Amino acid sequence: GEDDGAAGGTRGGSEGGKAKKHILCVNTYQMVLLLMFNTREKITYEEMKVEILIPDRELTRALQPLSVGKSSQRILVKTPKTKEIEASHTFAVNEAFTSAFHRVKIQQASARQGEAEPERNETRKKVEEDRKHEIEACIVR
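Residues numbered from 1 in each chain as written. Predicted model: local features only at pLDDT ≥ 70, side-chain atom pairs only at ≥ 80, totals over all residues. Heavy atoms only, no water.

### Concerning the overall build of the protein
What the protein contains, in helices and strands, is four helices and five strands. In sequence order, the secondary structure elements of the protein are arranged as β-α-β-α-α-β-β-β-α. Split into buried and exposed, the 141 residues of the protein put 24% on the buried side. In the protein, once contacts between residues fewer than 6 apart in sequence are set aside, the share between residues at least 24 apart is 57%. For the protein, the accessible surface area stands at approximately 10,100 Å², while carbon and sulfur atoms represent 54% of it. (Helix = DSSP H or I, 4+ residues; strand = E, 2+ residues; numbered from the N terminus. Buried < 20%, exposed > 50% of the residue type's maximum accessible area, 1.4 Å probe, protein only. Contact = heavy atoms within 4.5 Å. Areas by Shrake-Rupley, 256 points an atom, 1.4 Å probe, with all protein chains shown as cover.)

Quick look at the structure:
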């Protein structure tokens with residue numbers, strides 16, 4: 001599709017002073033993170049971690065698409081503006097967010113991204129083991 005960022009004509013999405021509403025399609029962790037902004041303006045990564053009690057890797061995976069994903073999908077503004085997410089980094093709602101669509105699907109960060117080499121090999125072994133039984137069953141049939 002066309003991707004001209006938020007600089008194009010999508011900015012005028014507020015007819016008669018009414019802000020355009022969107023339905024955000026996010027996973028559960030992302031929903032919980034976004035709900036935190038109902039009660040405050042800014043939240044640090046550390047505060048999120050302490051309050052939500054989800055593993056670091058999962059928290060980073062949930063935050064990445066919301067804050068460092070495609071510019072047209074950044075629901076949150078991260079300070080400082082780097083790709084990495086660290087404990088001291090601060091997040092706030094992106095007030096300038098616009099989208100031509102009513103429903104906005106947030107891309108998910110792939111699970112493999114955070115997976116270390118040994119874990120990847122472990123996963124591969126498990127998958128091969130599962131497939132072996134499937135293949136044997138098919139051969140028997």
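### Notes on the sheet that holds strand β3 (residues 76–79)
Ordered in space as β2-β4-β3, the three strands form an open sheet in which the pairing is antiparallel. Edge strands, defined here as strands with exactly one partner in the open sheet, are β2 (42–44) and β3. Across the sheet, the mean angle from the axis of one strand to that of its neighbour is 30°, orientation sign disregarded. Pairing of β2 with strand β4 (residues 90–93), which is carried by three bridges, proceeds in the antiparallel orientation. Across the sheet, residue Ile43 finds its bridge partner in β4, namely Phe91. Contacts between helix α3 (residues 56–67) and the sheet are confined to β3 and β4, with β3 contributing the most and set at about 105° to the helix. (Pairing = 2+ DSSP bridges. Axes fitted to C-alpha atoms, helices over the stretch in contact; angles between N-to-C directions.)

### With respect to the pattern of salt bridges
Within the structure shown, the criterion is met by four salt bridges. Of the charged contacts, one joins Glu51 and Arg40 as a salt bridge, the two residues approaching to 2.8 Å between their closest N and O atoms. In this pair, Glu51 sits in helix α2 (residues 45–52) while Arg40 sits in the loop between α1 (28–35) and β2, placing the two residues 11 residues apart along the sequence. Owing to a relative accessible area of 46%, Glu51 belongs among the partly exposed residues under this scheme. The salt bridge involving Lys132 is made with Glu129; its shortest N-O contact spans 3.9 Å. Here Lys132 and its partner Glu129 are both found in helix α4 (residues 117–140), three residues apart, which amounts to about one turn of the helix. Take Glu129: its relative accessible area is 39%, and that puts it in the partly exposed class. (Salt bridge = Lys/Arg side-chain N within 4 Å of Asp/Glu carboxyl O.)

### Things to note about the pairing of β3
Residues Leu76 and Lys78 point to one face of β3 and are all buried, whereas Val77 and Thr79, pointing to the other face, are not buried. Inspection of the sheet shows β3 paired to β4 by four bridges, in the antiparallel sense. Of the residues in β4, the one forming a bridge with Thr79 is Thr90.

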